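In case you want the letters, here they are:
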Amino acid sequence: MNILKFGGTSVGSVASISTLLDVVAREVARGERPVVVLSAMSGVTNLLLAAAEDAAAGRPVTTSLMELENRHFGVVKSLLDAARQNPVLTRLKLLFNELEDLLHGIGSLRELTPQTLDRVLSYGERCATFLVSALAAGRFPEALCVEATELIRTDAHYGQARVDTELTEQLIRGFVREHPGRLLFVTGFIARNAQGRVTTLGRGGSDYTAAILGAALGAQEIQIWTDVNGMMTADPRMVKKAFSLPELSYTEAMELSYFGAKVIYPPTMIPAFMKRIPIVIRNTFDLDFAGTTIRHDCQPSALPIKGISSINDVSVINVEGSGMVGKAGFSGRLFSLLAREQINVILITQASSEHSITFAVAPHDAVRARELIGQEFELELQARKLELPGIEQDLAVLAIVGENMKQTPGIAGKLFQALGRNGVNVRAIAQGSSEYNISVIIGRADLAKALNAVHDAFFVELTKTLHVFALGTGNIGRTLLGQLHAHRDFLREQNGVQVRVVGLSNSRRMVIDPSGLPLDGWEAALNNGHSEPADLARFVARMKQLNLPNCVLLDNTAAPEPAAHYADALRHSISVVTCNKIANSGPYQQYRELRDAARQHGADFYYETNVGAGLPIIRTLRDLRTSGDRVERIEAILSGTISFIFNNFRGEASFHDIVREAQQRGYTEPDPRDDLNGRDFMRKMLILARDAGHPLEPDDVIIEPMLPAACLQAPTVAAFYEQLRAHEAYFSELKDRAAAAGQVLRYIGQLEDGRARISLQMVDEQHPFYQLSGADNVISFTTERYKERPLVVKGPGAGAEVTAAGVFADLVNVGTR
Ligand SMILES: NC(=O)c1ccc[n+]([C@@H]2O[C@H](COP(=O)([O-])OP(=O)(O)OC[C@H]3O[C@@H](n4cnc5c(N)ncnc54)[C@H](O)[C@@H]3O)[C@@H](O)[C@H]2O)c1
Ligand SMILES: N[C@@H](CCO)C(=O)O
Ligand code: NA
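Looking up the protein chain in an unreviewed UniProt entry gives the name Bifunctional aspartate kinase/homoserine dehydrogenase I, with the organism given as Hymenobacter edaphi. In UniProt, the protein chain has this text filed under Function (unreviewed entry): "Bifunctional aspartate kinase and homoserine dehydrogenase that catalyzes the first and the third steps toward the synthesis of lysine, methionine and threonine from aspartate." Of the protein chain, the UniProt comment under Cofactor (unreviewed entry) reads exactly: "a metal cation".

Set out below in structure tokens:
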């Protein structure tokens, strides 16, 4: 035999009541005779409460009564043939008249006692249960409406009465024995005390009714029919990736539902828990969904946690002072006081120094709690042995829950790493030694970010989402977006990463969409009605304000402006990935500041493509240094453009045309003068020198120009190309001189003893840089370990595909090291 409990939304409409009856019919068809427990129609309890308060305040209640009548009558008229409506409407009308008299009584007395309120509220369940049983009678002639006042006996604690279990079980069994073969429709929530007065069972009371009935009758299963797909891994309104849990233990279900997940009210599970009756949470609006089963013998799960619960508004009170140290009974006094005054304490922590106790309460209790402490500890306060506590507001609780956490190291580490990396400050922590709940208090504004970050960290079989704010849609930017689009399935399946581009800007337009821009339709998005004129400061401000987890600022521009925002982003724990060299090659002070900000705020700052595009140069240098090696000398060709020029400047080709070709192939900077005047190379040498441990300033890198002065001074790109043409003779003379000596031209950078220089050289076959083609870069590191033969990295060092690929790799590595 099963207990089927239907919540307010399941009896809220004509459609849901029909479904409800189908569910009952399915059970009956299987030869079962379930007991059905019903809540009031959705909204009705609140309506009754408001009507009672109105009556007590002398306000009219006619509108409320009308609404009540309309809602119930509406269902009867839609679901019952006209011929059978009358007796049902009459009986309902009788109930409404009783209620009206009661409200008039309250109005005359101008008084609403808890006892009377329970009586008023009972009409919600009584009307709904009568209504549903009357509708059911058409399909099941054995249907019987039962008021739980006949079945459940409580004390006189109105509003939240305590059940006399023994007597109640006798009553229930007796009733069922006396009504063999009947299909019972029982009112949830209400009961009766020894004086015969109506009582209610408190919040979630109908679930409790179901559990009491289930326990008394030894039910096989208690089904709680609601309007959501069972219990989920986190609040689905805040965590889009939250998913329904197939199974939970009673403990886990209690831990999860104390916070947030109001699917089931925890105390209601106790009778079921005692008798080990599974509770199945089902969705009336999704019959195919199997639901969540709460049972004592769950299948073992590989996941360390079951879910993350949260309370999105709490206040914290921190009681501090020397008077507490080593003082037995202090916390006893404190918490008895709060208990006596009905202040619910959500979480408590005390450091072993005993110098302070922190506890969290609902915001509406905070001021009173503080006042009570002021009164209770007046003497200690006067003697300055205690400080009058302050109230910290706008806080939230996040808790990870699961029985598998027990005896498993690393869970807390993972939780705090996810929080720390995302810049979420933890204000207080609590974990019981039972080890199935770790709770942290954090700022309310960080809750959504924290929930998502922690969800990503623990449910690793799901994909992690990177939230990217990208600048630049030029040569590199658009190529990268194309690569991300082309590889999105691979990324998700192989790396468990989803890249969501939330913000995109070029120098003209920008667009921000927290749900993610289409990677293949970004051009349209950048120009449609949701986009706006580019405004970097606003873009960055929105990025910070959205406060998304695993957030990355991506700079694919060649502009100086974005660099000014890197440190700010890093300080907000937003990682920065850039192929733009400007930030790393400005004043040394700025270079340092960025690294400090990244380290202090747990964010990543990746810039592999600053040197040698996608070639692993920055990474190699870092690995050498972190493993204790010391770089003695670097020799390198780091201008892909110039490399391409010298590799192709042969025979009849003109210098001018080759430079143009390098630009067309996407090797050059947006302004090719930056390559040919050595500035781009200088930036790379500077970054390498700094990464090798030398605090150089830009002017410290000596550049021997490879162009005649007139070319260097050209005021525009067009003028620059004209000058190149005008100096063809100069270039071919250079080329011929090298050829005559059996050599080739190479523009080479050197770093030795902390000094960096770039110069034009002619090298012969013996030189390791002789053999190059295309836009190859080559770098040779001579170090303490690589002394006899240097470590050499060589390959294409410019071009959109290889550069975008390097940025891609940096992006995917965010948060992994
Ligand atoms: N070409 C290569 O092989 C290579 C290799 C390594 C690194 N890089 C670096 O890649 C970067 C981009 O080069 P590119 O060839 O794609 O340049 P590009 O000129 O083609 O594109 C630059 C983009 O940045 C945008 N932009 C400029 N200022 C902006 C601002 N303030 N806010 C937002 N967007 C802005 C422009 O609108 C454009 O979309 C440069 O820093 C370059 O040094 C290039
Ligand atoms: N313009 C650069 C691209 C790589 O940073 C070059 O030619 O090397
Ligand atoms: Na690189």
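J.: Explanation requested: the overall build of the protein chain in the structure shown.
T.: Tallying secondary structure elements over the protein chain gives 29 helices and 30 strands in all. A compact globule built from 817 residues would reach a C-alpha radius of gyration of about 28 Å, whereas the protein chain, at 37 Å, exceeds it by more than 25%. Taken along its principal axes, the extent of the C-alpha atoms in the protein chain is 115 × 75 × 50 Å. A buried classification covers 54% of the 817 residues belonging to the protein chain. Expressed as a percentage of contacts within the protein chain between residues at least 6 apart in sequence, the contacts between residues at least 24 apart total 72%. Of the roughly 35,100 Å² of accessible surface on the protein chain, a fraction of 49% belongs to carbon and sulfur atoms.

J.: Help me out: how do you make sense of helix α4 (residues 82-109) in this one?
T.: The α-helix advances 3.6 residues per turn, and as a result positions three or four apart in sequence lie on the same side. For α4, with 28 residues, the first-to-last C-alpha span of 41 Å sits near the 40 Å given by 1.5 Å per residue. Within α4, burial applies to Gln-85, Val-88, Leu-89, Leu-92, Leu-95, Phe-96, Leu-99, Leu-102, Leu-103, Ile-106 and Gly-107. Residues of α4 that are buried sit in contact with α2 (44-56), α3 (62-79) and α5 (114-136). Just downstream of α4 lies Arg-110, where phi reads positive at about 55°.

J.: What is the right way to look at helix α27 (residues 717-726) in this model?
T.: When we look at burial in α27, the residues that qualify are Ala-719, Phe-720, Tyr-721 and Leu-724. Looking at the packing, one finds that the buried side of α27 touches α23 (655-664), α24 (673-676), α26 (709-712) and α28 (728-740).

J.: Looking at this structure, I do not really get the pattern of salt bridges. What am I missing?
T.: Two side chains bearing opposite charge may form a pair once their charged atoms approach each other closely. In the structure shown here, the tally under the stated rule is 50 salt bridges. The partner of Arg-595 in a salt bridge is Asp-691, with the nearest N and O atoms 4.0 Å apart. In this pair, Arg-595 sits in helix α20 (residues 588-600) while Asp-691 sits in helix α25 (residues 679-691), placing the two residues 96 residues apart along the sequence. The pair formed by Arg-595 and Asp-691 is uniform in burial state, with each residue classed as buried.

J.: Would you take a moment to explain the packing of aromatic side chains for this structure?
T.: In this description, an aromatic ring pair is defined by two values, namely the gap between the centres and the angle between the planes. All told, the structure shown has 16 aromatic pairs when counted by the stated rule. Grouped by ring-pair contacts, the aromatic residues Phe-649, Phe-655, Tyr-730 and Phe-731 constitute a single cluster. In this arrangement the basic side chain of Arg-91 is found over the ring face of Phe-130, its NZ or CZ atom lying 5.8 Å from the centre. Of note, Arg-126 hangs over the ring of Tyr-123, and the distance from its end group to the ring centre comes to 4.6 Å.

J.: In this structure, what is going on with the domain arrangement of the protein chain? I would like to understand it.
T.: Accessible area lost when the parts come together is the quantity often used to give the size of an interface. Parsing the protein chain into structural domains produces domain 1 (2-227), domain 2 (307-458), domain 3 (464-613) and domain 4 (626-796). Centre-to-centre, using C-alpha coordinates, domain 2 lies 60 Å away from domain 4.

J.: Whenever I open this one, the coordination of the sodium ion (ligand 3) confuses me. Can you help?
T.: Ideal geometry at a metal centre: 109.5 degrees between donors when four sit tetrahedrally, and 90 or 180 degrees when six sit octahedrally. Only Glu-608 (O), Glu-608 (OE), Val-611 (O), Ala-613 (O) and Leu-615 (O) from the protein reach the sodium ion (ligand 3) as donors, at distances of 2.3 to 2.5 Å. Taken in chain order, the donor set of the sodium ion (ligand 3) reads E-x2-V-x1-A-x1-L.

J.: I would appreciate a short explanation of the site of ligand 1 in the present structure.
T.: Around ligand 1, the structure places 24 residues, and the nearest of them are Ile-476, Ser-507, Thr-557, Glu-669 and Gly-799. In the model, an oxygen atom of ligand 1 is placed 3.1 Å from a nitrogen or oxygen of the Gly-474 main chain. A distance of 3.0 Å is found between a nitrogen atom of ligand 1 and a backbone nitrogen or oxygen belonging to Gly-666. Computed on the free molecule, ligand 1 has an accessible area of 850 Å², of which 86% lies beneath the protein chains in the complex.

J.: Would you mind showing me how to read the sheet that holds strand β1 (residues 2-6) here?
T.: Backbone-to-backbone hydrogen bonds join strands into a sheet, with any given pair of strands oriented parallel or antiparallel. In spatial order, the strands read β3-β5-β2-β1-β8-β10-β11-β9; together these eight strands make up an open sheet with mixed pairing. One side of each edge strand has no neighbouring strand; the edge strands of this open sheet are β3 (143-146) and β9 (247-248). Of the pairings in the sheet, the one linking β3 to strand β5 (residues 183-187) comprises four bridges and is parallel in character. From the neighbouring strand, Cys-145 faces β5, where its bridge partner is Phe-185.

J.: I keep staring at the confidence of the model for the protein chain and nothing clicks. Help me out?
T.: For any part of a model where pLDDT is low, the fine detail of the predicted coordinates should not be relied upon. Averaged over the protein chain, the pLDDT score is 93; the fraction of residues at 70 or greater is 98%. Listed scores for the predicted complex are pTM 0.73 and ipTM 0.97.

J.: Is there a simple way to explain unusual backbone geometry in this structure?
T.: The backbone phi angle of Asp-394 is positive, close to 55°, even though this residue is not glycine. By the secondary structure assignment, Asp-394 is in strand β15 (residues 391-401). Even without being glycine, Ser-573 reaches a positive phi, approximately 60°. A relative accessible area of 6% means that Ser-573 is categorised as buried.

J.: It is not clear to me how the packing of helix α22 (residues 640-648) against α23 should be interpreted in this structure. Could you clarify?
T.: Two quantities define a packed helix pair, namely the angle between the helix axes and the distance between the axes. Where α22 meets α23, the axes come as close as 9 Å, and the angle between the chain directions of the two elements is 135°. Taken together, the axes of α22 and α23 are oblique relative to one another. The interaxial crossing formed by α22 with α23 has right-handed handedness. Between α22, through Thr-641, Phe-644, Ile-645, Phe-646 and Asn-648, and α23, the contact on the second element is made entirely by Phe-655, Ile-658, Val-659, Glu-661 and Ala-662. Classifying every residue of the contact of α22 with α23 by side-chain character gives seven nonpolar, two polar and one charged.

Cut-offs and rules
Residues numbered from 1 in each chain as written. Chains lettered and ligands numbered in written order. Predicted model: local features only at pLDDT ≥ 70, side-chain atom pairs only at ≥ 80, totals over all residues. Heavy atoms only, no water. UniProt positions renumbered as here; feature names shortened; annotations may be inferred. Helix = DSSP H or I, 4+ residues; strand = E, 2+ residues; numbered from the N terminus. Rg over C-alpha atoms; globule rule 2.2 N^0.38 Å. Buried < 20%, exposed > 50% of the residue type's maximum accessible area, 1.4 Å probe, protein only. Contact = heavy atoms within 4.5 Å. Areas by Shrake-Rupley, 256 points an atom, 1.4 Å probe, with all protein chains shown as cover. Expected span 1.5 Å × (residues − 1). Salt bridge = Lys/Arg side-chain N within 4 Å of Asp/Glu carboxyl O. Phe/Tyr/Trp six-rings, centres within 6.5 Å; stacked < 30°, edge-to-face > 60°. Lys NZ or Arg CZ within 6 Å of the ring centre and 35° of its normal. Domains from an automatic or database assignment. Donors = N, O, S within 2.8 Å, 3.2 Å for Na, K, Ca; no water. Near = heavy atom within 4 Å. Polar contact = N/O pair within 3.5 Å; in protein donor to acceptor, adjacent residues only side chain to side chain. Pairing = 2+ DSSP bridges. pLDDT = per-residue confidence, 0-100. Axes fitted to C-alpha atoms, helices over the stretch in contact; angles between N-to-C directions. Parallel < 35°, antiparallel > 145°, perpendicular 65-115°, else oblique. Left-handed = near helix turned anticlockwise from the far one by under 90°. Nonpolar A, V, L, I, M, F, W, Y, C, P; charged D, E, K, R; others polar.

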